[in-house]
Amino acid sequence: MAEAQILTPVDESPNRLPVPAMGGRFAPVQQFVRQPAVQRALPMIATTTAIGIAALAYFMTQSAPQAQLFAGLDDTDKAAVADALQTQGIGHTIDPATGALTVDADKLYQARIALAGQGLPRAQPSGDSLIASLPMGSSRAIEGETLRSAREADLSRTIETIDAVKSARVHIAAAEPSLFVREDKPSTASVMLTLQNGRSLSDGQVQAIRFLVASSVPGMNADQVQVIDQRGALLSDGAASGDMKAFQLQTQVEDRFRRALDTLLGPMLGAGNYTVEVHADVDMSESQATRESFPKDDRALTSEQVTRTVSGEGAPPAVGIPGALSNQPPQASTVTGTAPVPTAPGAPPTAQTNSNENATRAYEVGREISVTHQPQGQLRRVSVAVALNQGKKALTQTDIAKIDSLVKGAIGFDAARGDMVAINQRPFVKVEEAAPAFYDQPWFLPLVKQVGAILAAILAFFFIGRPLIRAAKQRATQRAEREAQIEETLLAVTENPAALASPRASNAITLDMIEAAPSYEARANLVREFVRQDSARAALVVRQLMQEGARA
């Protein structure tokens, strides 16, 4: 065995680089790398590897988009959720500014499903779960309380969706309706809010919460809802005060006038060439007056009743032959005392008559009732001040007068109520704002990441790809030289077989030459000449191969 190892052929060619000996474990890898096809593909493999390393470096520097897992979690639930995510192997981050728990956007629903399987987060139950857990056969009182609790839970979860609200609790107090109570008490509610650190609610948001709760409970008014925060401050007091309403209305009126003036003067003067300030005096008092008047000589007859009474002896009925005398009216009779009045012969007799007439008339006198109602928010006075930028060429008085007319038309100027418009022209002072540092610019961090990825690709090319390409070129050159040497040896063997008699000849055939033969025919010829060149040595090599095969 030792002799076989001594007789192992060694390539003594000066053009071949020494290949480091590798152990038996890496021998297949070495044989695979020495194959001609692999040698030719090494430059492409090196280039692909460099591109892959550059892409990997780029994607490693890019952070995945984050999405908030749950909103409004308290610290206890947040700690439990973080532990559950770590157990599931889902990466998460906590925003140091807001404390929000975020995960990768592509793993958002996976994390929610995993947490739901563990019953997280442990928030207050929803109204549906409370109603579903109501046992069958419960009394009316228990059913009513359960429904009230379900409504409170749903309102709390709805209010918690506001960004500034961390948690909310709603308590509703509603009297039971009864037929024996003449006046029902209105329902009331109270809302307890726990706000986020450093956050606050505006008066409009507080008023919106009050209307939300009031519109969810039948018979409740928004004034019956009180809102407090975790510090015990009554938030609903400021939202419902008259001064706050007056201030909000005044601000809205001033903003409306300001927007109208900006729309009017912006296209004419340009942005930055004017400033507008508006002050509106709003009357928040509300008055209502009722007046009843009776117009003079204005009456109408509505009803009339006349009663006529006639007393005394009536005239005798008409007798005789119709003629001129009988158709004449009777003569007027005169009464003097009680003595009868003689009548002319042939004339009709006269009688004593008394008549009485009574009339009852009803008149309706004209009446006028007027009701005057003055609502809140009437505009008592408007004051507008406009400052114009005096550039290289100042505006003339005619131009300023035209601008004054436009401003008065935009605000509805009324001299009777004391409105005032002041327009002045002065050069504006340029205020230079300090520019932020370059590393605070939004483009700086992405640029650093991209430059880092490019540098990583360049370094990978120079330190990995370039040496591999150079080594591949050297191996290709050496392979070409070996093939040329083999061709020369084959030609020499073909032309002069006796030249191989000496084992120390310059063109002696070695095992490396046989392995590097370009074709099967060339390899067979080299093996044949190798056996013919030194039969004893060939026998030792064959015996060594057989022993190694038996041990394997």
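These figures come from a predicted structure and were not determined experimentally.

Caption draft 1: Inspection of the overall build of the protein at higher detail. Along its length, the protein carries 15 helices and 13 strands. A total of 552 residues make up the protein; the buried ones form 21% of that total. Across the protein, every contact between residues at least 6 apart in sequence was considered, and the portion connecting residues at least 24 apart equals 70%. Just so you have it, the protein exposes about 38800 Å², and 56% of that area is on carbon and sulfur atoms.

Caption draft 2: Just the UniProt feature "transmembrane region" (unreviewed entry) in the protein, in detail. Taken from the UniProt record, the annotation "transmembrane region" (unreviewed entry) applies to residues 451-469. In residues 451-469, helix accounts for 100% and strand for 0%; the two terminal C-alpha atoms are 25 Å from one another.

Caption draft 3: The packing of helix H7 (residues 140-159) against helix H8 (residues 203-216), seen in detail. Remark: H7 packs on H8, axes separated minimally by 11 Å, with the N-to-C direction vectors making an angle of 155°. Comparing the axis directions of H7 and H8 gives the class roughly antiparallel. Classified by chirality, the crossing of H8 by H7 is right-handed. Residue-level contacts link Arg-151, Leu-155, Thr-158 and Ile-159 of H7 to Ile-209, Leu-212, Val-213 and Ser-216 of H8. Residues of the contact of H7 with H8, tallied by class, amount to five nonpolar, two polar and one charged.

Caption draft 4: Region of interest: the sheet that holds strand S7 (residues 274-283). Taken together, the three strands give an open sheet; going across it, the order is S7-S12-S13, and neighbouring strands pair in mixed fashion. Each edge of the sheet is formed by a strand with only one pairing partner; in this case those strands are S7 and strand S13 (420-426). The sheet shows a mean angle of 10° between the axes of neighbouring strands, taken without regard to direction. Here strand S12 (residues 378-389) pairs with S13 via seven bridges, running parallel. By the bridge assignment for S13, Val-386 is matched with Ile-423.

Caption draft 5: Inspection of the packing of aromatic side chains at higher detail. This model, assessed by the stated rule, comprises two aromatic pairs. For the ring pair Trp-443 and Phe-444, a centre distance of 6.3 Å and an interplane angle of 70° mean the geometry is edge-to-face. A ring pair is formed by Phe-461 and Phe-462, whose centres lie 5.6 Å apart and whose planes are at 80°; its orientation type is edge-to-face. The exposure class assigned to Phe-461 is partly exposed, which follows from its relative accessible area of 37%. Sitting over the ring of Phe-413, Lys-408 keeps its end group 4.7 Å from the ring centre.

Caption draft 6: Just the nonpolar core, in detail. Ranked by internal contacts, the top residues of the largest apolar core, which has 22 residues, are Ile-159, Val-191, Leu-193, Leu-201, Val-213 and Met-220. For this core, the secondary structure elements donating two or more residues are H7, strand S4 (165-173), strand S5 (188-195), H8 and strand S6 (225-228). Setting aside residues up to four positions removed in sequence, Val-213 forms contacts with Leu-155, Ile-159, Ala-189, Val-191, Met-220 and Val-225. Among the nonpolar cores identified, the runner-up in size contains 18 residues, and Leu-261, Val-278, Val-382 and Val-407 belong to it.

Caption draft 7: The sheet that holds S6, seen in detail. An order of S4-S5-S6 is seen for the three strands of this open sheet, with the pairing classed as mixed. Strands at the two margins of the open sheet, each flanked by one partner only, are S4 and S6. Recorded for the sheet is a direction-independent mean angle of 15° between the axes of neighbouring strands. Here eight bridges tie S4 to S5, and the two strands are oriented antiparallel to one another. Pairing of Arg-169 across the sheet is with Met-192, part of S5. Contacts between H7 and the sheet are confined to S4 and S5, with S4 contributing the most and set at about 150° to the helix.

Caption draft 8: Fine view of helix H14 (residues 520-533). Taking 1.5 Å as the rise per residue, H14 with 14 residues should run 20 Å; its terminal C-alpha atoms sit 20 Å apart, in good agreement. The complete set of buried residues in H14 reads Ala-522, Leu-526, Glu-529, Phe-530 and Gln-533. Down the axis of H14, the buried side of the element spans an arc of 105°, and every buried residue falls inside it. Turned more than 90 degrees away from the buried face of H14, the exposed residues are Tyr-520, Glu-521 and Arg-532.

Procedures and definitions
- Residues numbered from 1 in each chain as written.
- Predicted model: local features only at pLDDT ≥ 70, side-chain atom pairs only at ≥ 80, totals over all residues.
- Heavy atoms only, no water.
- Helix = DSSP H or I, 4+ residues; strand = E, 2+ residues; numbered from the N terminus.
- Buried < 20%, exposed > 50% of the residue type's maximum accessible area, 1.4 Å probe, protein only.
- Contact = heavy atoms within 4.5 Å.
- Areas by Shrake-Rupley, 256 points an atom, 1.4 Å probe, with all protein chains shown as cover.
- UniProt positions renumbered as here; feature names shortened; annotations may be inferred.
- Axes fitted to C-alpha atoms, helices over the stretch in contact; angles between N-to-C directions.
- Parallel < 35°, antiparallel > 145°, perpendicular 65-115°, else oblique.
- Left-handed = near helix turned anticlockwise from the far one by under 90°.
- Nonpolar A, V, L, I, M, F, W, Y, C, P; charged D, E, K, R; others polar.
- Pairing = 2+ DSSP bridges.
- Phe/Tyr/Trp six-rings, centres within 6.5 Å; stacked < 30°, edge-to-face > 60°.
- Lys NZ or Arg CZ within 6 Å of the ring centre and 35° of its normal.
- Core = buried A, V, L, I, M, F, W, Y, C linked by side-chain atoms within 4.5 Å.
- Expected span 1.5 Å × (residues − 1).
- Arc of directions from axis to C-beta.

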